[in-house]
Amino acid sequence: MTIDVPAVAFWVIAIILVGSALAVVVMPKIVHAALFLVAVFGAAAGIYVLLNAEFIAIVQVLIYAGAVTILILFAIMLTQNSMSRVSNPFSGQWWLAGLICVLLAAGIIFAVNSSPMAAGAASDALPLANAAGGTVVKLGQLLYSPFAYSYVLPFEIASVVLLVAIVGAIMIGREE
Amino acid sequence: MDATLVAIIAAVVKSAIVIAALLTIFAYMTLIERRVLARFQRRVGPNRAGPFGLLQPLADGMKMAFKEQIIPTRARRLVFVIAPSISVFVALAAFAVVPLGSPTAWGSSPTARAWAPLVADVNVGILYILALSSLAVYGIVLGGWSSGNHYSLLGALRSAAQMVSYEVSIGLAIAGVLMFAGTLSMVGIVQAQVQQGIWFILAQPLGFILYFIAATAEVNRAPFDLPEAEQELVAGYLTEFSGLRWSLYQMSEYINMITAASVAATLFFGGWTLGGLDGIPGIPFVWYTIKVAVVLFVFIWMRATLPRIRYDQLMRLGWQLLLPLAVLNLVVTAAVVAFDVPWWISTIFSLIVLAIGGIVYYVRRRRVEPSAQPSDEALRLALPTSVRLVRIDSSASAATARQPAEVSPN
């Protein structure tokens, strides 16, 4: 017997992901919506694992599920008005948002199916995913290697931007 | 049989074994902790149920199972009910990558390797543990918030701030080990220690101490148990939980502690290996158990010895001491690894930093307590040496001034 395990896993995770993403939008209580956001990030990490990108999967959980959503939860818990029954109400323009979502989805599906870049990029990524020791070593070399072609300069520029952001946050948060 | 099918069956069976084992160990950890704490405090501890109190966990479990599980009227019911389960789920899941023995001893074929003594040999194993321990904060924050109680919410906020702060230090403290090992896999780290012929605690004493302090804070153990401080917060996020839900929180705390001890054993003490004896079947597991047990004992020891620190001290320790030291350790280790100099250079550096830290601590302590030494010779002879004396300030009150000293139960 042969079960295509990755395919089964993909569909299970994909259904959880899309279901949770819908729940984030339609849940009447905003804390429940935030919790489904954690499920969305977890399912996205599952998709990354299926793509042999364990490192990205772990970072997804560590940063988005572990840190970003906790911040969102904090903001909700400390500012929420406990008297309101519905804390995640629908906007009157929900049909407009729905229309934009449908257009965006159609655009992505069209691009994936017709672009020659999409198929090419997938086959280019395969040797990276199948590298010995997983993707971590390859990622590290690609990001920081001083000898081979790497993205050291963009990485360092991004670090400086983050540093400026941190200093800015401290300046704003500091008491006079 | 199909290798994929074998792998799935093996993973399910091994997960079931790990879960059952962890829950049993949790039950007996509570007993061991109570007995050891009792020893530290010159008591006997629970010894009524069964020989040496061995049936005490069973009795506690029965009691918890039959206790009423109160849900406060102001609680957010759904979140209140699932929060303890989230805590336990995350704690159990984190243990999956801890190796209890060498997978290479199980042969090289995929079907044989599937039964190796760890649930999953992930090549980013240590990051997996860090990621799941960063999720552990959800159980506490949601539990505290959903209780609808201000003390619970305060406990949850403290806990989240504490865990987020100390996660950074944990990551940087173990980065030194990862540089020496050159891999993120738990199995790979142990194999690297065998290849290089050292335990990484020899090369990274500072890294180990930083990891140990940060891990204690991360699992909310004393002296960092502020989220459940009884005196200030009436047990913080745990206040409204009773019966089995309360036990679930206890369970996750102890399982997190076991995972933290396992990480310490794997990263710094060579995991399942000791003295080349790990070829004999069963021996690796014994070594692993002994190493984890020693680390767990130190956790209990610290709880019995150290007083809980204040919230501002906690934040200052984390951000102003642990973090800079971890970065310093990281830079020196990176230099040692990059320039390929012998590993003991980083040992010497670590010991110098620790010595400076010890001297600074001693000097400051002396400045704070100038009269800590007992001077009343007769009283000192009459008491056991373990009792320390604190001199009463004579200007404080006339009534106490007549007493020469007060016996501190410290």
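Residues numbered from 1 in each chain as written. Chains lettered and ligands numbered in written order. Predicted model: local features only at pLDDT ≥ 70, side-chain atom pairs only at ≥ 80, totals over all residues. Heavy atoms only, no water.

## Focus on the nonpolar core
In summary, soluble globular proteins display a tendency toward joint burial of nonpolar side chains.
Residues and elements named next belong to chain B.
Line of reasoning, step 1. Counting residues in hydrophobic clusters, the biggest one holds 114 residues, and the most contacted among them are Tyr 211 and Leu 267.
Line of reasoning, step 2. Per-element tally for this core: the top contributor is helix H5 (residues 125-146), with 14 residues.
Line of reasoning, step 3. Ala 116, Leu 118, Val 187 and Val 190 belong to the second largest nonpolar core, which has 5 residues in total. (Core = buried A, V, L, I, M, F, W, Y, C linked by side-chain atoms within 4.5 Å. Buried < 20%, exposed > 50% of the residue type's maximum accessible area, 1.4 Å probe, protein only. Helix = DSSP H or I, 4+ residues; strand = E, 2+ residues; numbered from the N terminus.)

## A closer look at the interface of chain A and chain B
Line of reasoning, step 1. Across the boundary between the two partners, chain A contributes 24 residues, which contact 22 residues of chain B.
Line of reasoning, step 2. Across the chain A to chain B interface the summed buried area is about 2,100 Å²; carbon plus sulfur atoms make up 83%.
Line of reasoning, step 3. The tally of links between chain A and chain B comes to 0 salt bridges.
Line of reasoning, step 4. Counting across the chain A and chain B interface gives 1 residue pair in polar contact (both at pLDDT 80 or more).
Line of reasoning, step 5. Residues of the side of chain A that touches chain B, tallied by class, amount to 17 nonpolar, 6 polar and 1 charged. (Contact = heavy atoms within 4.5 Å. Buried area = accessible area lost by both parts, 1.4 Å probe. Salt bridge = Lys/Arg side-chain N within 4 Å of Asp/Glu carboxyl O. Polar contact = N/O pair within 3.5 Å; in protein donor to acceptor, adjacent residues only side chain to side chain. Nonpolar A, V, L, I, M, F, W, Y, C, P; charged D, E, K, R; others polar.)

## Details of the domain arrangement of chain A
All names here are of chain A.
Line of reasoning, step 1. Taken as a whole, chain A is organised into domain 1 (1-113) and domain 2 (122-176).
Line of reasoning, step 2. Contact with domain 1, which involves 6 residues of that partner, is made by 5 residues of domain 2.
Line of reasoning, step 3. Both faces combined, the contact of domain 1 with domain 2 buries some 350 Å², and carbon together with sulfur accounts for 64% of it.
Line of reasoning, step 4. The tally of links from domain 1 across to domain 2 stands at 0 salt bridges.
Line of reasoning, step 5. Summed over the shared surface of domain 1 and domain 2, the number is 0 residue pairs in polar contact (both at pLDDT 80 or more).
Line of reasoning, step 6. Each residue belonging to the side of domain 1 that touches domain 2 can be placed in one class, and the counts come to 4 nonpolar, 1 polar and 1 charged. (Domains from an automatic or database assignment.)

## Focus: the side chain of Thr 266 of chain B
All names here are of chain B.
Line of reasoning, step 1. Within the secondary structure, Thr 266 sits in helix H11 (residues 243-268).
Line of reasoning, step 2. One polar contact links the side chain of Thr 266 to the main-chain carbonyl oxygen of Ser 262, over a distance of 2.7 Å.
Line of reasoning, step 3. Those residues in contact with Thr 266 that sit more than four places away from it in its chain are Pro 99, Met 186, Ile 189, Val 190, Gln 193 and Gly 271.

## Considering helix H2 (residues 56-66) of chain B
Residue and element names in this part refer to chain B.
Line of reasoning, step 1. For H2, the set of buried residues is Gln 56, Pro 57 and Met 64. With its buried residues spanning 95 degrees around the axis, H2 presents them on a single face. Away from its buried face by more than 90 degrees, H2 exposes Leu 58 and Phe 66.
Line of reasoning, step 2. Among the structural elements, helix H1 (3-40) and H11 are those in contact with the buried residues of H2. (Arc of directions from axis to C-beta.)

## Considerations on the packing of helix H3 (residues 77-94) of chain B against H5 of chain B
Residue and element names in this part refer to chain B.
Line of reasoning, step 1. Viewed as axis vectors pointing N to C, H3 and H5 meet at an angle of 165 degrees, and their least axial separation amounts to 8 Å. On the basis of the axis angle, H3 is roughly antiparallel to H5. Between H3 and H5 lies a crossing whose hand is left-handed. Between H3 and H5, the residues in contact are Val 79, Phe 80, Ala 83, Ile 86, Ser 87, Val 90, Ala 93 and Ala 94 and Tyr 128, Ile 129, Leu 132, Leu 135, Ala 136, Tyr 138, Gly 139, Leu 142, Gly 143, Trp 145 and Ser 146, respectively.
Line of reasoning, step 2. Of the residues in the contact of H3 with H5, the class split is 15 nonpolar, 4 polar and no charged. (Axes fitted to C-alpha atoms, helices over the stretch in contact; angles between N-to-C directions. Parallel < 35°, antiparallel > 145°, perpendicular 65-115°, else oblique. Left-handed = near helix turned anticlockwise from the far one by under 90°.)

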